[in-house]
Amino acid sequence: MRGVNRVMLIGNLGKDPDMQFLEGNIGVAKFSLATTETYKDRSGKLISQTEWHTVVLWRGLAELAQKYLHRGSLVYIEGRLKTRSWEDKEGNKKFATEIVGDNLIMLDKRSDGSTGSISTGEGIEGLGEIPSDDDGSERLPF
């Protein structure tokens, strides 16, 4: 049986994407993403809980993220979990779990009132819009 490794997040960037270019001019962008869940406790008080995620984007998707995203941007990220390990200077084993994104939807309004969608795969798809309900409110595609 095969496994499934799929992550879908909607959140705000904690900082501007950090862009680097590796050997062969391959772009990689990394940024933190905050997701917040809100729920009511037993007394009816609203509680907000924020989780921080590290997102990594590659190649053209990384370059577009660097160009269009900034601290506070609201985005939908779809990708997979990747865990890496290494030894620090003192010989201690360290671990990091990251989301390697392969689909990005910018949920912030652009000046023309639309939002953008960017995916990876064979090339990069064009920008698109999130569908709206009859009352004009946005409807997420999942």
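What counts as what
Residues numbered from 1 in each chain as written. Predicted model: local features only at pLDDT ≥ 70, side-chain atom pairs only at ≥ 80, totals over all residues. Heavy atoms only, no water. Helix = DSSP H or I, 4+ residues; strand = E, 2+ residues; numbered from the N terminus. Buried < 20%, exposed > 50% of the residue type's maximum accessible area, 1.4 Å probe, protein only. Contact = heavy atoms within 4.5 Å. Pairing = 2+ DSSP bridges. Core = buried A, V, L, I, M, F, W, Y, C linked by side-chain atoms within 4.5 Å. 1 Å grid on protein atoms, 1.4 Å probe; cavity = no way out; pocket = protein on both sides within 12 Å on 5 of 7 lines; lining within 4 Å. Points joined across faces, edges and corners; volume = space filled by probe spheres on them. Salt bridge = Lys/Arg side-chain N within 4 Å of Asp/Glu carboxyl O.

**Student:** Where do I start with the overall build of the protein in this structure?
**Tutor:** Counting its regular elements, the protein contains one helix and seven strands. When the helices and strands of the protein are read in sequence order from the N terminus, they spell out β-β-β-β-α-β-β-β. Per-residue burial over the protein gives 32% buried out of 142 residues. Within the protein, counting contacts between residues at least 6 apart in sequence, those at least 24 apart form 49% of the total.

**Student:** When you look at the pairing of strand S4 (residues 46-58) in this model, what are you seeing that I'm missing?
**Tutor:** Regular strands place side chains that alternate from one sheet face to the opposite one. Relative to S4, strand S3 (residues 26-40) is paired through 13 bridges, and the arrangement is antiparallel. Within S4, the residue paired with tyrosine 39 across the bridge is isoleucine 47. In this structure, the hairpin formed by S3 and S4 is closed by a connection of five residues, where glycine 44 is found at a positive phi of approximately 90 degrees. As defined by bridge partners, S4 adjoins strand S6 (residues 93-106) across two bridges and the pair is classed as parallel. Within S6, the position partnered with valine 56 by the bridge is valine 100.

**Student:** Would you mind going over the pairing of S3 with me for this structure?
**Tutor:** Bridging between strand S1 (residues 7-13) and S3 involves two bridges; their strand directions are antiparallel. Pairing of leucine 13 across the sheet is with leucine 33, part of S3. What sits between strand S2 (residues 18-22) and S3 in their antiparallel hairpin is a turn of three residues, with glycine 24 showing a positive phi close to 85 degrees.

**Student:** Got a minute to help me understand the nonpolar core in this structure?
**Tutor:** A general trend in soluble globular proteins is that nonpolar side chains are found buried together. Within the largest apolar cluster, 18 residues are counted, with the highest numbers of intra-cluster contacts made by Phe31, Leu33, Leu69 and Ile77. The set of elements that each furnish at least two residues to this core consists of S1, S3, S4, helix H1 (59-68), strand S5 (74-87) and S6.

**Student:** Got a minute to help me understand the layout of surface pockets in this structure?
**Tutor:** In this approach the atoms are scanned with a rolling probe the size of a water molecule, which exposes any empty space left behind. When its volume is computed, the largest pocket comes out at roughly 250 Å³. In terms of lining, the largest pocket is formed by Asp18, Gln20, Leu22, Val28, Lys30, Val56, Trp58, Arg80, Lys82, Arg84, Glu98 and Val100. For the lining of the largest pocket, the secondary structure elements donating two or more residues are S2, S3, S4, S5 and S6.

**Student:** Help me out: how do you make sense of the pattern of salt bridges in this one?
**Tutor:** Side-chain pairing between opposite charges can occur once the charged atoms of the two side chains come close. Enumeration according to the criterion identifies five salt bridges in this entry. Residues arginine 84 and glutamate 98 are paired through a salt bridge, measuring 3.0 Å at the closest nitrogen-oxygen approach. On the criterion of sequence distance, the pair formed by arginine 84 in strand S5 and glutamate 98 in strand S6 is long-range, its members being 14 residues apart. On the basis of relative accessible area, arginine 84 is assigned to the partly exposed category, the value being 34%.

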